Amino acid sequence: MSSPKQTIKEILDELPTLLAVAVVETETGMALASHSNIADFDIDTAAAYNTEVVKQKLKAISALKLNQTIQDILLTLTDQLHVIKLSAKGDKFIYLAVNARDTNLAVARQILKSHTAVLN
């Protein structure tokens, strides 16, 4: 098992050019650990708003009576990719923002998958 701070450190080691990353508590939207390589990127605000994205998607899945769980959520912006990966229990998620030109999406998703699997 890995702590949120350790998870952030390990993700930074694997994706040093990331824009921002946070381990977020799903219920409260609070970032348990975070890092940003951009001075004006407010990771706490991003964590809170992305918590709402997760909660709304979970409500939609329930309303549609789908027997599914969220693997990850991908938001593609003009030149950024934002990926949300839920932990197995769904009580936490990792939020990652990367530059679309510099990052291979498949690699980023694999890194998040390995880190959410051991997140406590």
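Whatever comes next refers back to the structure up there.
This report concerns the structure included in the present document.

What counts, and where the lines are drawn
- Residues numbered from 1 in each chain as written.
- Predicted model: local features only at pLDDT ≥ 70, side-chain atom pairs only at ≥ 80, totals over all residues.
- Heavy atoms only, no water.
- Buried < 20%, exposed > 50% of the residue type's maximum accessible area, 1.4 Å probe, protein only.
- Helix = DSSP H or I, 4+ residues; strand = E, 2+ residues; numbered from the N terminus.
- Pairing = 2+ DSSP bridges.
- Salt bridge = Lys/Arg side-chain N within 4 Å of Asp/Glu carboxyl O.
- Contact = heavy atoms within 4.5 Å.
- Arc of directions from axis to C-beta.

**Considerations on the pairing of strand 1 (residues 20–25)**
Here is step 1 of the chain: The buried fraction of strand 1 amounts to 5 of the 6 residues, a majority that puts the element mostly inside the structure.
Here is step 2 of the chain: Pairing geometry for strand 1 and strand 2 (residues 31–36), over 5 bridges, is antiparallel. The residue of strand 2 that forms the bridge with valine 21 is histidine 35.
Here is step 3 of the chain: Connecting the antiparallel pair strand 1 and strand 2 is a turn made up of 5 residues, with glycine 29 showing a positive phi of about 80°.

**A few points about the pattern of salt bridges**
Here is step 1 of the chain: Inspection of the entire model under this criterion finds 4 salt bridges.
Here is step 2 of the chain: Here arginine 109 makes a salt bridge to aspartate 72, at a shortest N to O gap of 2.9 Å. With a gap of 37 residues between them, arginine 109 in helix 3 (residues 105–117) and aspartate 72 in strand 3 (residues 72–76) connect regions that are remote in the sequence.
Here is step 3 of the chain: Exposure remark for aspartate 72: the relative accessible area of 21% places this residue in the partly exposed category.
Here is step 4 of the chain: Salt-bridge contacts for arginine 101 lead to aspartate 79; the nearest nitrogen and oxygen are separated by 4.0 Å. Of this pair, arginine 101 sits in the loop between strand 5 (92–99) and helix 3 while aspartate 79 sits in the loop between strand 3 and strand 4 (80–86); the two residues are 22 residues apart in sequence, bridging distant segments of the chain.
Here is step 5 of the chain: Here arginine 101 falls in the exposed class, since its relative accessible area comes to 64%.

**Brief notes about the side chain of histidine 115**
Here is step 1 of the chain: Summarising the element assignment, histidine 115 is placed in helix 3.
Here is step 2 of the chain: Judged by its relative accessible area of 5%, histidine 115 falls in the buried class.
Here is step 3 of the chain: If sequence neighbours within four positions are ignored, histidine 115 has contacts with Thr7, Glu10, Ile11, Glu14 and Ile94.

**With respect to helix 1 (residues 4–14)**
Here is step 1 of the chain: Among all positions in helix 1, only Pro4, Thr7, Ile8, Ile11 and Leu12 are buried. Take helix 1 and look down its axis: the buried residues cluster within an arc of 135°, on one side only. Facing away from the buried side of helix 1 by more than 90 degrees, the exposed set consists of Lys5 and Asp13.
Here is step 2 of the chain: In this structure, the buried residues of helix 1 make contact with strand 1, strand 2, strand 5 and helix 3.

**Regarding the pairing of strand 5**
Here is step 1 of the chain: Within strand 5, 8 of the 8 residues are buried, leaving the element largely enclosed by the surrounding structure.
Here is step 2 of the chain: Burial of strand 5 is two-sided: the residues Lys92, Ile94, Leu96 and Val98 facing one way and the residues Phe93, Tyr95, Ala97 and Asn99 facing the other way are all buried.
Here is step 3 of the chain: With 6 bridges connecting them, strand 1 and strand 5 associate as antiparallel partners. Following the sheet pairing, valine 21 is matched in strand 5 by leucine 96.
Here is step 4 of the chain: Bridge analysis of strand 4 against strand 5 gives 7 bridges, and the strand direction is antiparallel. Across the sheet, isoleucine 84 pairs through a bridge with tyrosine 95, a residue of strand 5.

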